[in-house]
Amino acid sequence: MLSYLITDPKYYSDFKTTLEKSIDSYHPNFICFRDKNSTKNAKLAIEIARYYKIPILVNQYTQLLELGFDGIHFTSNQLDLIGKYKECITFASTHNIDEVNKAKNSDFITFSPIFASKGREGLGIEVLDKVANIKSEVFALGGIISDKEVNEIKKSRAVGFASIRYFLKD
């Protein structure tokens with residue numbers, strides 16, 4: 001099962017140490033840099049990803065691609081931009097079947113929330129499997145904080161999972 005580590009500045013007080021520890025512990029297949037306020041951390045994230053030979057994407061900020069990111073993770077409001085970025089890896093955030101259909105041209109999609117997260121009810125594994133019938137390169141996202149959720153996703157047709165908090169466990 002593939003895994004996709006998503007950074008979030010509120011969980012990374014020491015960005016370099018936290019990111020390297022997460023990579024060393026969990027060996028993700030992809031990294032998404034999600035921090036619109038730090039070009040310094042963007043450059044550091046790219047350097048770390050290169051060292052570990054992991055593709056790194058930037059979340060939504062297409063102007064940061066020039067720093068050397070391998071791709072972009074589009075928000076659900078940016079799905080119309082996917083076709084303009086065929087030269088790089090593309091992920092798209094989706095939350096319903098309409099968005100999944102709009103994101104069919106992306107390399108991968110995340111579908112969320114699968115489990116309850118941030119006050120939102122989870123959509124569940126059954127819905128995730130329906131999404132995988134439409135777009136097989138789907139990563140489960142939302143409420144994935146432990147191996148319990150990862151093991152449930154392994155029973156699905158998803159190719160992987162994406163998370164912020166799962167990769168921050170001690």
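Residues numbered from 1 in each chain as written. Predicted model: local features only at pLDDT ≥ 70, side-chain atom pairs only at ≥ 80, totals over all residues. Heavy atoms only, no water.

Colleague: I'd like to hear about the packing of aromatic side chains, residue by residue, with values.
Modeller: Within this structure, the stated rule accounts for 19 aromatic pairs. Considering the side-chain rings of Y51 and Y52, the 5.1 Å spacing of their centres and the 85° angle between planes classify their relative orientation as edge-to-face. (Phe/Tyr/Trp six-rings, centres within 6.5 Å; stacked < 30°, edge-to-face > 60°.)

Colleague: Which residues make up unusual backbone geometry, and what values go with them?
Modeller: Here the bond from S112 into P113 is cis, since omega is -5°, no more than 30 degrees from zero. Mapped onto the elements, P113 comes out in the loop between β6 (108-111) and α4 (125-134). A positive phi angle is found at K53, which is not glycine, with a value near 60°. In the Ramachandran plot, Q60 falls in the positive-phi region, its phi being about 65° despite a non-glycine side chain. Looking at the secondary structure, you find Q60 in the loop between β3 (56-59) and β4 (71-74). Overall, Q60 belongs to the partly exposed group, its relative accessible area being 25%. (Helix = DSSP H or I, 4+ residues; strand = E, 2+ residues; numbered from the N terminus. Buried < 20%, exposed > 50% of the residue type's maximum accessible area, 1.4 Å probe, protein only.)

Colleague: Lay out the packing of helix α1 (residues 15-26) against helix α2 (residues 39-52) in plain terms, naming residues and giving numbers.
Modeller: Running from amino to carboxyl end, α1 crosses α2 at an angle of 30°, the nearest separation of the two axes being 11 Å. Judged by the inter-axis angle, α1 sits roughly parallel to α2. Relative to α2, α1 is oriented so that their crossing is right-handed. Between α1 and α2, the contacting residues are F15, K16, L19, E20, I23 and D24 on the first element and N41, L44, A45, I48 and Y52 on the second. Taken together, the residues that form the contact of α1 with α2 break down as 7 nonpolar, 1 polar and 3 charged. (Axes fitted to C-alpha atoms, helices over the stretch in contact; angles between N-to-C directions. Parallel < 35°, antiparallel > 145°, perpendicular 65-115°, else oblique. Left-handed = near helix turned anticlockwise from the far one by under 90°. Contact = heavy atoms within 4.5 Å. Nonpolar A, V, L, I, M, F, W, Y, C, P; charged D, E, K, R; others polar.)

Colleague: So what's going on with the layout of surface pockets? Residues and values would help.
Modeller: Vacant regions in the atomic arrangement are exposed by a probe of water-molecule size rolled over the atoms. Looking at the largest pocket, its volume works out to about 570 Å³. The wall of the largest pocket is formed by 31 residues, among which I6, R34, K118, L141 and I164 lie closest to the centre. When contributions to the lining of the largest pocket are tallied by element, the ones reaching two or more residues are β5 (89-94) and β8 (160-163). For the lining of the largest pocket, a count of residues per class yields 10 nonpolar, 14 polar and 7 charged. (1 Å grid on protein atoms, 1.4 Å probe; cavity = no way out; pocket = protein on both sides within 12 Å on 5 of 7 lines; lining within 4 Å. Points joined across faces, edges and corners; volume = space filled by probe spheres on them.)

Colleague: Tell me about the sheet that holds β3, residues and numbers included.
Modeller: Sheet architecture is closed into a barrel: 8 strands sit in the order β1-β2-β3-β4-β5-β6-β7-β8, paired in parallel fashion. Sheet twist, expressed as the average angle between the axes of neighbouring strands with direction ignored, equals 25°. In this sheet, β8 lies alongside strand β7 (residues 138-141) in parallel orientation, the contact comprising 3 bridges. Its bridge partner lying in β8, L141 is registered against A162. (Pairing = 2+ DSSP bridges.)

Colleague: Would you mind going over the side chain of T94 in detail, with residue names and values included?
Modeller: Within the secondary structure layout, T94 lies in strand β5. The contact partners of T94, leaving out residues within four places of it in the chain, are E99, V100, A103, I109, T110, F111 and S112.

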